[in-house]
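Per-entry structural report
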Amino acid sequence: MTAVVLQERVDQLEAKLEALRSQSASRSASSSSSGSATVDRTTDGVHHALKGRITVSTATPPEMSIGKWSDAESLPLNLRNFLITIFLENSFRIHSYFNQQRFIDRLASTSNPPHPCLLNAIYLLACYFTTLDHRPAYWLGEHEAVFLSRAQLALMDSLAMSDRLMDFIQASSLVAAYLMHRGRYLEGYHVHCGTARFALSCGMDRISKHDVSSLDRDPAPSYFQQPMLLSEPEDATELGDRLLAFWHIYWHDKVFSILLGFLPALPHDDTIDSVFPREVEEYETGNVYLSRNETISSFLARQEDEALIFQSNRRDSLFTTQLKAVTLMDQANRLTQKLRSRQIGLEEAAKTRKELHNITDNFLSSLPPIQTTQSSTASPVDLAVASAHSVASCALLELCDPTLVGSEPQGYNDRAAHASSIASSLLMFGDEYESQDTWIVTGASIGDRQPLAHHVRRLYQSLGDLKSE
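Each residue is numbered by its place in its chain's sequence as written, counting from 1. pLDDT decides what is reported in this predicted model: residues at 70 or higher carry local features, side-chain atom pairs at 80 or more are listed and counted, and totals for whole chains, interfaces and linings draw on all residues regardless. Here the side-chain values reflect all heavy atoms present in the structure, with hydrogen atoms and water set aside.

1. Some thoughts on the overall build of the protein
Counted only if it meets this: Secondary structure elements follow DSSP: runs of H or I no shorter than four residues count as helices, runs of E no shorter than two count as strands, and numbering proceeds from the N terminus. Three exposure classes are used, based on accessible area relative to the maximum for each residue type with a 1.4 Å probe and protein chains only: buried under 20%, partly exposed in between, and exposed over 50%. Any two residues having at least one pair of non-hydrogen atoms within 4.5 Å are treated as being in contact. Note on areas: Shrake-Rupley, 1.4 Å probe, and residue coverage restricted to the protein chains presented here.
A count of helical and extended segments in the protein gives 20 helices and zero strands. Here the protein holds 469 residues, and 52% of them are scored as buried. In the protein, once contacts between residues fewer than 6 apart in sequence are set aside, the share between residues at least 24 apart is 71%. Total accessible area computed for the protein in this model is approximately 22,200 Å², and 51% of it derives from carbon and sulfur atoms.

2. Section: empty space enclosed by the protein
Gaps between atoms show up when a probe of the same size as a water molecule is rolled over them. Here is the rule: A 1.4 Å probe that fits into a set of points on a 1 Å grid over the protein atoms alone but cannot get out defines a cavity; an open set with protein on both sides within 12 Å along at least five of seven lines defines a pocket, and lining residues are those with an atom within 4 Å of a point. Grid points are joined across faces, edges and corners, and a volume is the space filled by probe spheres set on the points. Throughout, the ten residues Ala, Val, Leu, Ile, Met, Phe, Trp, Tyr, Cys and Pro are labelled nonpolar, Asp, Glu, Lys and Arg are labelled charged, and all others, Gly among them, are labelled polar.
In this structure the tally under the stated criterion is two cavities of 30 Å³ or more. Considered as a void within the structure, the largest cavity measures approximately 50 Å³ in volume. Every residue along the wall of the largest cavity is listed here: His210, Phe276, Pro277, Arg278, Arg292, Glu294, Asp316 and Thr320. When the residues that make up the lining of the largest cavity are grouped by side-chain class, the tally is two nonpolar, two polar and four charged.

3. Structural notes on the packing of helix α14 (residues 318-340) against helix α15 (residues 346-366)
Heads up, the rule is: In this analysis, axes come from line fits to C-alpha atoms, helices being fitted only over the stretch in contact, and the angle between any two N-to-C directions falls in the range 0 to 180 degrees. Oblique is the label for any angle not under 35 degrees, not over 145, and not in the 65 to 115 range, which are roughly parallel, roughly antiparallel and roughly perpendicular in turn. We call a crossing left-handed when the near helix sits turned anticlockwise from the far one by less than a right angle, and right-handed when that turn is clockwise.
Orientation of α14 relative to α15, taken along the N-to-C sense of each, is 165°, at an axis distance of 11 Å. One element, α14, and the other, α15, form an angle in the roughly antiparallel class. Where α14 crosses over α15, the two elements pack in a sense that is left-handed. Each of Thr321, Lys324, Ala325, Leu328, Gln331, Ala332, Leu335 and Leu339 in α14 lies in contact with α15, whose residues at this interface are Leu346, Ala349, Thr352, Arg353, Leu356, Ile359, Thr360 and Phe363.

4. Thoughts on helix α16 (residues 380-399)
One turn of the α-helix equals 3.6 residues, which is why residues spaced by three or four share an orientation. Under the convention used in this document: By this rule, a helix spans an expected 1.5 Å times one less than how many residues it contains.
Between its first and last C-alpha atoms α16 spans 29 Å; for 20 residues at 1.5 Å apiece the expected length is 28 Å, and the two agree. Across the 20 residues that make up α16, a large majority, 17, are buried.

5. Comments concerning the pattern of salt bridges
Heads up, the condition is: Think of a salt bridge as a Lys or Arg side-chain nitrogen and an Asp or Glu carboxyl oxygen that are within 4 Å of each other.
As enumerated under the stated definition, the model contains 13 salt bridges in all. With a shortest N-O distance of 3.1 Å, Arg242 and Glu238 are connected by a salt bridge. Of this pair, Arg242 and Glu238 both sit in helix α10 (residues 236-260), four residues apart, which is roughly one turn of the helix. The residue Glu282 makes a salt bridge to Arg278 at a minimum N-O spacing of 3.2 Å. Note on accessibility: Glu282 and Arg278 belong to one class, buried. Ionic contacts of the salt-bridge type, sharing partners, join the residues Lys254, Asp269, Asp330 and Arg334 into one network.

6. Overview of the packing of helix α6 (residues 116-129) against helix α7 (residues 144-161)
Interhelical geometry of α6 versus α7 gives an angle of 160° and a closest axis separation of 8 Å. Taken together, α6 and α7 sit at an angle that is classed as roughly antiparallel. Helix-helix and strand crossings are classified by hand; for α6 and α7 the assignment is left-handed. Where α6 approaches α7, its residues Pro116, Cys117, Asn120, Ala121, Tyr123, Leu124, Cys127 and Tyr128 are matched on the opposing element by Glu144, Phe147, Leu148, Arg150, Ala151, Ala154, Leu155 and Ser158. Here the contact of α6 with α7 is composed, by residue class, of twelve nonpolar, two polar and two charged.

7. Notes on unusual backbone geometry
Phi is positive for His95, which is not a glycine, with a value near 60°. For His95, the location among the structural elements is in the loop between α4 (77-90) and α5 (100-107). A residue is classified by how much of its surface remains accessible, and His95, at 1% relative accessible area, is buried. Positive phi values are uncommon outside glycine, yet Ser162 reaches one of about 50°.

8. Things to note about the packing of aromatic side chains
Filter applied, for reference: In this scheme Phe, Tyr and Trp rings, the latter by its six-membered ring, pair at centre separations within 6.5 Å, and the angle between planes marks the pair as stacked below 30 degrees, edge-to-face above 60, and tilted otherwise.
The final tally for this structure, using the stated rule, is 16 aromatic pairs. What links up through ring pairs into an aromatic cluster is the set Phe87, Phe98, Phe103, Tyr128, Phe129 and Tyr178.

9. Some thoughts on α4
An ideal rise of 1.5 Å per residue puts 20 Å on 14 residues; α4 measures up with 20 Å between its terminal C-alpha atoms. Counting buried positions along α4 gives 13 out of 14 residues, so the element sits mostly inside the fold.

10. A word on the nonpolar core
We apply this condition: In plain words, nonpolar cores are sets of buried Ala, Val, Leu, Ile, Met, Phe, Trp, Tyr and Cys residues tied together by side-chain atoms within 4.5 Å.
In this structure, Leu83, Phe87, Leu125, Met204 and Trp247 are the most contacted members of the largest nonpolar core, which totals 106 residues. No other element matches α10, which puts 14 residues into this core.

11. Some details on the confidence of the model for the protein
We count it as follows: For every residue, the predictor assigns a confidence score, pLDDT, that lies between 0 and 100.
For the protein, the mean per-residue pLDDT works out to 76, and 64% of the residues sit at or above 70. Within the protein, the lowest mean pLDDT, 45, falls on helix α20 (residues 452-468), and the highest, 97, falls on helix α8 (residues 165-181). Per-residue pLDDT stays below 50 along residues 27-49; that stretch engages in 39 contacts with residues further than four places along the chain or on separate chains. Segment residues 305-312 is flagged for pLDDT under 50; beyond a separation of four residues in sequence, or across chains, it makes 20 contacts in the model.

12. A word on the environment of Arg150
Mapped onto the elements, Arg150 comes out in helix α7. The spacing of Arg150 and Leu124 is 26 residues in sequence and 9.3 Å in space, taken between C-alpha atoms.

13. What to know about the environment of Ser341
Convention followed: Identification of polar contacts relies on pairs of N or O atoms within 3.5 Å, with a donor-acceptor requirement for protein atoms, meaning one able to donate a hydrogen and the other able to accept it, and with residues adjacent in sequence counted only if both atoms are side-chain atoms.
The residue Ser341 is located in the loop between α14 and α15 in this model. By relative accessible area, Ser341 is classed as partly exposed at 41%. In this structure the side chain of Ser341 is engaged in a polar contact, spanning 2.8 Å, whose partner is the backbone oxygen of Gln337. Side-chain polar atoms of Ser341 contact the side chain of Gln343, separated by 2.9 Å.

14. Digging into the side chain of Thr237
In this fold, Thr237 is placed in helix α10. Excluding anything up to four places from it in sequence, Thr237 contacts Asn99, Arg102, Tyr283 and Glu284.

15. Some words on the environment of Leu396
Relative to the helices and strands, Leu396 is located in helix α16. Leu396 gets classed as buried once you look at its relative accessible area, which sits at 3%. Considered as a pair, Leu396 and Ala419 are 23 residues apart in the sequence and their alpha carbons are 9.3 Å apart.

Right under this line is the structure:
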């Protein structure tokens, strides 16, 4: 009798299970049909989104309910392409540059696909970008914890297996940027330090030329450290991505030190031999070989007028202009700190200040003028130029510190002029634009939700107080 009852219960459970399977298959087919209308389900979808510059703010996001996909090892193609598109459209906001076409091609590769740590870091930042005020109406912030956990686990796997270590460096740098933007400073600094030291161990701070063809003639290139954790780059595109990855780390090192007061993870600027990066397209087309191999040391020591370089069509890449500006800001900060701590005397400080002031003036004269436009329509180019102007002007403001110039009236006038220039540059970014650049300039806390206009008004109020003195 008991056996008969049990058999009936088993039959009932099997029937319920079959019904659930049928319902699940029906939902999956419906989701697939609706998702394909807005996001292509193949790698070509990312190609199309990148080349056609689809405005993702008007797209309907595919279904991303946690319970339906969080346990899967990889995302469905439509979700993957959707998140990658968001990241590629916004990666410039965290100064993350790389050859996007090469990355897209790797998505379809079976021999060298992107490591899961890099993919999950990209998904993480994509979700973060949707939470900013300037992003679309949909909000994917609830998925950040999932992708952060996945990225961290995949990073450990990459190290344990020495698997695609260049992806490890890029992913680690992205995770550090995310943690910093979220106000998780200690976690971000911890990840950043590990990434920076690992990059140094790979010799990424000593890529002293753009010409990768010289590797065939030099059996032991000076800009690769032995033992080599990274194999030699196969072409200029790969070399460019390494340079851009290193300078992404450098940028965040300056943000952590200037804005948050942490000790730099990278060595002093005069020991960094890597050349400033060029535009991504130059590495892809081969035009990079015509570029000068300029390092921080040669930039700070050059007697040549930057304006002449600008006129001779040897303009810096947009990222390099921002890197030079933050380098000048850091140099000015270090000078005032050394004087205040009595590491140097007034005479030496005055000499260094004059040299740095001249370099900064020449640099500012080489920049294109700021285009006056509404922040909502400002292009990444406009924002990069405004960033370089404002951060370099901050360096001049720092060089007018009373510690260096005393309390003479001319010093006050110079400070007022530089502060006014900074305030004008900041208006380009608008209230909705959250950027490390504006944080550096205003001294606001990272992730501060106060409108930028609040900091500009405070700056103008300080200007009024300064002029009244």
